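Topology and contacts: notes
Here is how the chains run, residue by residue.
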Amino acid sequence: MIPIHRLPLPAEVTDRMTTLSGHIRSEDPSHQVQIARDLWRSKTTRSQVATPIRTVLQRMAPGAERCMYCGDSFGTDIDHYEPIAQAPLRTFDWPNHLLACSHCNSHHKRDQFPLDEQGIPLLIDPTVEDPFDHLMLSLSVGEYRALSEKGRRTIEVCGLNRFALARARQNVFQVVVLCLRTWSAAVRGENLYDPAQVLHMIREQPCADVCQAMLRQVEQPGAAVVFSEVPDIVGLLRDRRVREVLLLTL
Ligand SMILES: [Zn+2]
């Protein structure tokens, strides 16, 4: 997971969503979940609300429209961060929408939405908080370690340590190393690549969390150990020109 900057929706879409939320609110609370689901699935909603929402979410999503939870698979579904089953009144609430792949949305997260004793969500919303406050990515094995209870529940709910993801992250680590070496040589005029294009290639990689974890961990104590097998990368990850283009913050 990486921090994601939420973009505004077109005003006419927001207006339609306000009207739809009004319909749900006017219903008896015992019927609101069913009404919300019916409205969300209706043909008119799909064309006038879901399609424009998906377009904006795709622009926000990392690289080539990747899932905002796992960062690996293509984001196909509009996910309700707070599920309709638990919060029907947030069905048409723009801050409640994220782009997810079917693995994360339908196989793992589904209607899960863990809360603590105070009712605070124990699921990271990458558009309002930096996931790296709660998660540490082990670059050697490609798996997350939790730094908080919210991190632990997010790993569990989204299946963030599933085998295919860990393998993909290990592979992307090697790609980022290779690209950074290519960038460094390009800057020195030792190859014919455009340095800006090489950094763009890194930005477009799936599993963007790998590059973001590398950029963070290189600034932390223990960086020499983390990058002991690729020590030449340390200086490149700390290079201002690289960080200005690649480091994502909220
Ligand atoms: Zn996913």
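Residues numbered from 1 in each chain as written. Predicted model: local features only at pLDDT ≥ 70, side-chain atom pairs only at ≥ 80, totals over all residues. Heavy atoms only, no water.

Quick word on the packing of aromatic side chains
With the rule as written, the count across this model stands at 2 aromatic pairs. Pairing Trp40 with Phe92 gives two aromatic rings, centres 5.6 Å apart and planes at 55°, and the pair type is tilted. With Trp40 in helix α2 (residues 32–41) and Phe92 in the loop between β1 (77–80) and β2 (97–100), this residue pair connects regions lying 52 residues apart in the sequence. Classification of Phe92 by relative accessible area gives buried; the value is 4%. Seen from their ring centres, Tyr81 and Phe113 are 5.1 Å apart, and the 85° between their planes marks the pair as edge-to-face. Of the two residues, Tyr81 sits in the loop between β1 and β2 while Phe113 sits in the loop between α4 (102–109) and β3 (135–138), which places them 32 residues apart along the sequence. (Phe/Tyr/Trp six-rings, centres within 6.5 Å; stacked < 30°, edge-to-face > 60°. Helix = DSSP H or I, 4+ residues; strand = E, 2+ residues; numbered from the N terminus. Buried < 20%, exposed > 50% of the residue type's maximum accessible area, 1.4 Å probe, protein only.)

Considerations on unusual backbone geometry
Only a minority of non-glycine residues have a phi that is not negative, and only a minority of peptide bonds are not trans. Even without a glycine there, the phi angle at Arg110 is positive, about 45°. Inspection of the secondary structure puts Arg110 in the loop between α4 and β3. Even without glycine at this site, Cys207 takes up a positive phi of about 50°.

Digging into the coordination of the zinc ion
Listed as protein donors to the zinc ion are Cys67 (SG), Cys70 (SG), Cys101 (SG) and Cys104 (SG); their distances from the metal cover 2.3 to 2.4 Å. One can describe the site at the zinc ion as tetrahedral: its 4 donor atoms subtend angles covering 107 to 115° at the metal. The exposure class of Cys101 is buried, given its relative accessible area of 1%. (Donors = N, O, S within 2.8 Å, 3.2 Å for Na, K, Ca; no water. Tetrahedral: all angles 85-135°; square planar, octahedral: opposite > 155°, others 65-115°.)

A look at the UniProt feature "domain: HNH nuclease" (unreviewed entry) in the protein chain
Per the UniProt annotation, the sites labelled "domain: HNH nuclease" (unreviewed entry) are residues 56–106. Taken end to end, residues 56–106 comprises 20% helix and 16% strand; its first and last C-alpha atoms sit 21 Å apart. (UniProt positions renumbered as here; feature names shortened; annotations may be inferred.)

Side note on the nonpolar core
One broad rule of soluble globular proteins: the nonpolar side chains tend to lie buried together. If you look at the biggest cluster of nonpolar residues, it comprises 73 residues, and the most contacted ones within it are Ile53, Tyr69, Met214 and Phe227. Take this core: its biggest share by element is 9 residues, from helix α6 (residues 163–187). (Core = buried A, V, L, I, M, F, W, Y, C linked by side-chain atoms within 4.5 Å.)

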